[in-house]
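Architecture at a glance
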Amino acid sequence: RPSFAVEESLVALGHNMKVARLKRASQNVLAERAGVSLSTLCKIENGNGGVAIASYAAVLLALDLGTPFAEIGRSDPLSLALETETLPKRIRKSGK
C-alpha cells in the first residue's frame, strides 16, 4: 500500500485532472480520447493508486496537459552529478 503522501498526491492529481476535464469534455468523451474505460477514468479522478501509470499519462495527454513524466528527474542535481562522475575517463597510452 502506498504511503499517505503518495495517496494524498494522487488524490490531488485526480482532482486537478477532473477540474481540467470539466472545462473540456464529458467523462465519456475523455475516456474515449484517452483510450481508457469510463471506470478507469473514474478511478483516476478519485486518485486510485491501483491504476496503471500509463493510464494517468494517457488521460493527461488527452486533456492536452502534455507528457509530464518525461521531465521527472531530468533536472535532479544529484543525479546529474553522479552521472558525470561515472562517465568513463579517457586514458591515453604513453608513447614510450
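In case you missed it, the structure is sitting above this.
Residues numbered from 1 in each chain as written. Predicted model: local features only at pLDDT ≥ 70, side-chain atom pairs only at ≥ 80, totals over all residues. Heavy atoms only, no water.

1. Thoughts on the overall build of the protein
Within the protein one finds five helices and zero strands. Counted from the first residue to the last, the protein has its helices and strands arranged as α-α-α-α-α. When burial is assessed residue by residue, the protein has 22% of its 96 residues classed as buried. In the protein, the share of contacts with a sequence separation of at least 24, taken over all contacts with a separation of at least 6, comes to 45%. Element-wise, carbon and sulfur atoms account for 57% of the exposed surface of the protein, whose accessible area totals about 7300 Å². (Helix = DSSP H or I, 4+ residues; strand = E, 2+ residues; numbered from the N terminus. Buried < 20%, exposed > 50% of the residue type's maximum accessible area, 1.4 Å probe, protein only. Contact = heavy atoms within 4.5 Å. Areas by Shrake-Rupley, 256 points an atom, 1.4 Å probe, with all protein chains shown as cover.)

2. Digging into the environment of Thr40
Mapped onto the elements, Thr40 comes out in helix α3 (residues 38-45). Linking Thr40 and Ala52, residues twelve residues apart in sequence, is a C-alpha distance of 9.3 Å. With residues near it in sequence (within four places) discarded, Thr40 still touches Val51 and Ser55. Among the polar contacts listed, one links the side chain of Thr40 to the side chain of Ser37, at a separation of 2.9 Å. (Polar contact = N/O pair within 3.5 Å; in protein donor to acceptor, adjacent residues only side chain to side chain.)

3. A few points about the packing of helix α1 (residues 4-22) against helix α4 (residues 53-62)
Running from amino to carboxyl end, α1 crosses α4 at an angle of 30°, the nearest separation of the two axes being 11 Å. Classified by the angle between their axes, α1 and α4 sit roughly parallel to one another. For α1 against α4, the interelement crossing comes out left-handed. Contacts between α1 and α4 pair Leu10, Leu13 and Met17 from the former with Tyr56, Val59 and Leu60 from the latter. Class assignment of the residues belonging to the contact of α1 with α4 gives a composition of six nonpolar, no polar and no charged. (Axes fitted to C-alpha atoms, helices over the stretch in contact; angles between N-to-C directions. Parallel < 35°, antiparallel > 145°, perpendicular 65-115°, else oblique. Left-handed = near helix turned anticlockwise from the far one by under 90°. Nonpolar A, V, L, I, M, F, W, Y, C, P; charged D, E, K, R; others polar.)

4. A few points about unusual backbone geometry
In this model, Asp64 sits at a positive phi of 65°, which is unusual for a non-glycine residue. Here Asp64 is to be found in the loop between α4 and α5 (77-85). We classify Asp64 as exposed; its relative accessible area is 66%.

5. Comments concerning the nonpolar core
Core analysis: the biggest nonpolar cluster contains 14 residues, and Met17, Val36, Leu41, Ile44, Tyr56, Val59 and Leu63 have the highest contact counts within it. Ignoring anything within four residues of it in the chain, the contact list for Val36 reads Ala31, Leu41, Ser55 and Val59. (Core = buried A, V, L, I, M, F, W, Y, C linked by side-chain atoms within 4.5 Å.)

6. Section: α3
An α-helical turn contains 3.6 residues, so a residue and the one three or four places further along point in the same direction. Where α3 is concerned, the buried positions are Thr40, Leu41, Ile44 and Glu45. All buried residues of α3 fall inside an arc of 135° around its axis, so they share one side. (Arc of directions from axis to C-beta.)

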